[in-house]
Amino acid sequence: MNFGRGPSVVLNVGGTRYSFSREVLKDFPLRRVSRLHGCLSEKDVLEVCDDYDRERNEYFFDRHSEAFGFIMLYVRHGHLRFVPHMCELSFYNEMIYWGLEGSHLDYCCQRRLDDRMSETYTYYAAEEPNGGPEGKGRRPPGAEGRKWLERMRRTFEEPTSSVAAQVLATVSILFVIVSMVVLCASTLPEWRAPENRSVEEQSRYTAESVREPSGIIEAICIGWFTAECIVRFIVSKNKCEFVRRPLNIIDLLAITPYYISVLMTVFTGENSQLQRAGVTLRVLRMMRIFWVIKLARHFIGLQTLGLTLKRCYREMVMLLVFICVAMAIFSALSQLLENGLDLGTKNQDYASIPAACWWVIISMTTVGYGDMCPITVPGRILGGICVVSGIVLLALPITFIYHSFVQCYHELKFRSARYSRSLSAEFLN
């Protein structure tokens, strides 16, 4: 510490005193406390704390003493929890003041904070450690570069964070829509007929003239998606975490088949003697349908669905177990009643248990295509029991999934509202 005298310093937080050595403050986990180590004058000290006693080398903070006690437990033991009988938002405000974030909370308290914040849509802006006119001239080396990378990352990852991010998201959505329209149009008979004639009649000129516009549009869309993915990878904080994200994996699955199909076309050609290569090319090109999932970056509804499935995987597994158990029981009984017993009539639709599983699944989900149905009285009674059981079994986990969906929606909506506030500030500035 470049200011004050004595081997130790005293922090007075709401009347509770804490004594530390000077060296401890240098790397103190709380950002506001560690800033005291670099103070050069009393003016710098008063920008960090509320008052200062030179004689006793004591720093006064007019903050909640009990909340700071829980924060000190985090400093000592690494676990941060809410103060009992204290508002979550008030405690979070204390955390922001001392330089902590919501991610420092234990998982159970993070969920409580998310629920509370989603109900009130409250946003607390973290105070910059070098804030103020005096602090702007003492930024650490490389701060400008990191700030630029963070701004680029938000532009590509958060569509509502700035005007540029909204423009970029709009352009990306347009490219997705155009690529999907071209993909759907390419399966029309009017588009495929010239392509077939080019193979049968060897009139490559006509086929190439027909495929040229769609090929150019496809190449432009792929170029945009590739450039977007590369830039997002460059500006990402953690490259390994970037590769493991589901949406980024989907981007890779949507982009890679195009380059594979181009290489296969170059090396094998498109002639009638390479039918296997032609089938492979069609399969790879059809994988462009994954581009639709890219819209999840820009719409809260799709993000909510993905986050709900991620958090409710246990309920989803439980639902699948219910269905599989019911399918095993009802398919075996239906096959026995309709085809296995010698009752004078045999229903050939239930000749095997795997065939009966199809009837069980469409009955339990109350779809009822009518392509197969029981004809015996015991089989019809079993069918009614199967339908009622399906309604009950499918409804059991729905409550948990519904509550998780609502919570995920509020969390994502709060985050979107937070970035919208920053977007409004950008317009005002």
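Residues numbered from 1 in each chain as written. Predicted model: local features only at pLDDT ≥ 70, side-chain atom pairs only at ≥ 80, totals over all residues. Heavy atoms only, no water.

Draft legend 1. Spatial organisation of a nonpolar patch on the surface. Together, Y313, V317, V321, V325, I329 and L333 line one region of the surface with nonpolar side chains, adding up to about 510 Å² of accessible area. Structurally, L333 is set in helix α15 (residues 313-340). (Patch = residues over 30% accessible without salt bridge, like charges linked within 9 Å, V, L, I, M, F, W, Y side chains within 5 Å. Areas by Shrake-Rupley, 256 points an atom, 1.4 Å probe, with all protein chains shown as cover. Salt bridge = Lys/Arg side-chain N within 4 Å of Asp/Glu carboxyl O. Helix = DSSP H or I, 4+ residues; strand = E, 2+ residues; numbered from the N terminus.)

Draft legend 2. Looking closely at the side chain of R232. Along the polypeptide, R232 turns up in helix α10 (residues 204-235). At 2.7 Å, the side chain of R232 and the side chain of N248 are in polar contact. Not counting residues up to four positions away in its chain, the partners in contact with R232 are F156, E157, F242, N248, D251 and R297. (Polar contact = N/O pair within 3.5 Å; in protein donor to acceptor, adjacent residues only side chain to side chain. Contact = heavy atoms within 4.5 Å.)

Draft legend 3. Structural detail: the UniProt feature "transmembrane region" (unreviewed entry) in the chain. Taking the numbering used here, the UniProt-annotated feature "transmembrane region" (unreviewed entry) corresponds to residues 163-188, 215-235, 247-269, 289-309, 316-337, 349-369 and 381-405. With 100% helix and 0% strand, residues 316-337 has its two end C-alpha atoms placed 31 Å apart. Secondary structure across residues 381-405 comprises 92% helix and 0% strand; the distance between its end C-alpha atoms is 36 Å. (UniProt positions renumbered as here; feature names shortened; annotations may be inferred.)

Draft legend 4. Here's a closer look at the environment of G340. By secondary structure assignment, the location of G340 is in helix α15. With eleven residues separating them in the primary sequence, G340 and A351 have C-alpha atoms 8.0 Å apart.

Draft legend 5. Region of the structure containing the nonpolar core. Ranked by size, the top nonpolar core spans 39 residues in total, and within it Y59, F61, F91 and W98 carry the most contacts. Contributing elements (two or more residues each) for this core: β1 (8-13), β2 (16-21), α3 (42-48), β4 (58-61), α4 (65-77), α5 (88-98) and α6 (107-120). Sort the elements by how many residues they give to this core and α5 lands first, with seven residues. (Core = buried A, V, L, I, M, F, W, Y, C linked by side-chain atoms within 4.5 Å. Buried < 20%, exposed > 50% of the residue type's maximum accessible area, 1.4 Å probe, protein only.)

Draft legend 6. Local environment of the sheet that holds β4. Overall, mixed pairing links the four strands, which are arranged β2-β1-β4-β3 in an open sheet. What marks the edges here is a single partner per strand, and that holds for β2 and β3 (51-53). Strand after strand, the sheet turns through a mean of 20° between neighbouring axes, direction not considered. Bridge analysis of β1 against β4 gives four bridges, and the strand direction is parallel. Counted as the bridge partner of N12 is F60 from β4. (Pairing = 2+ DSSP bridges. Axes fitted to C-alpha atoms, helices over the stretch in contact; angles between N-to-C directions.)

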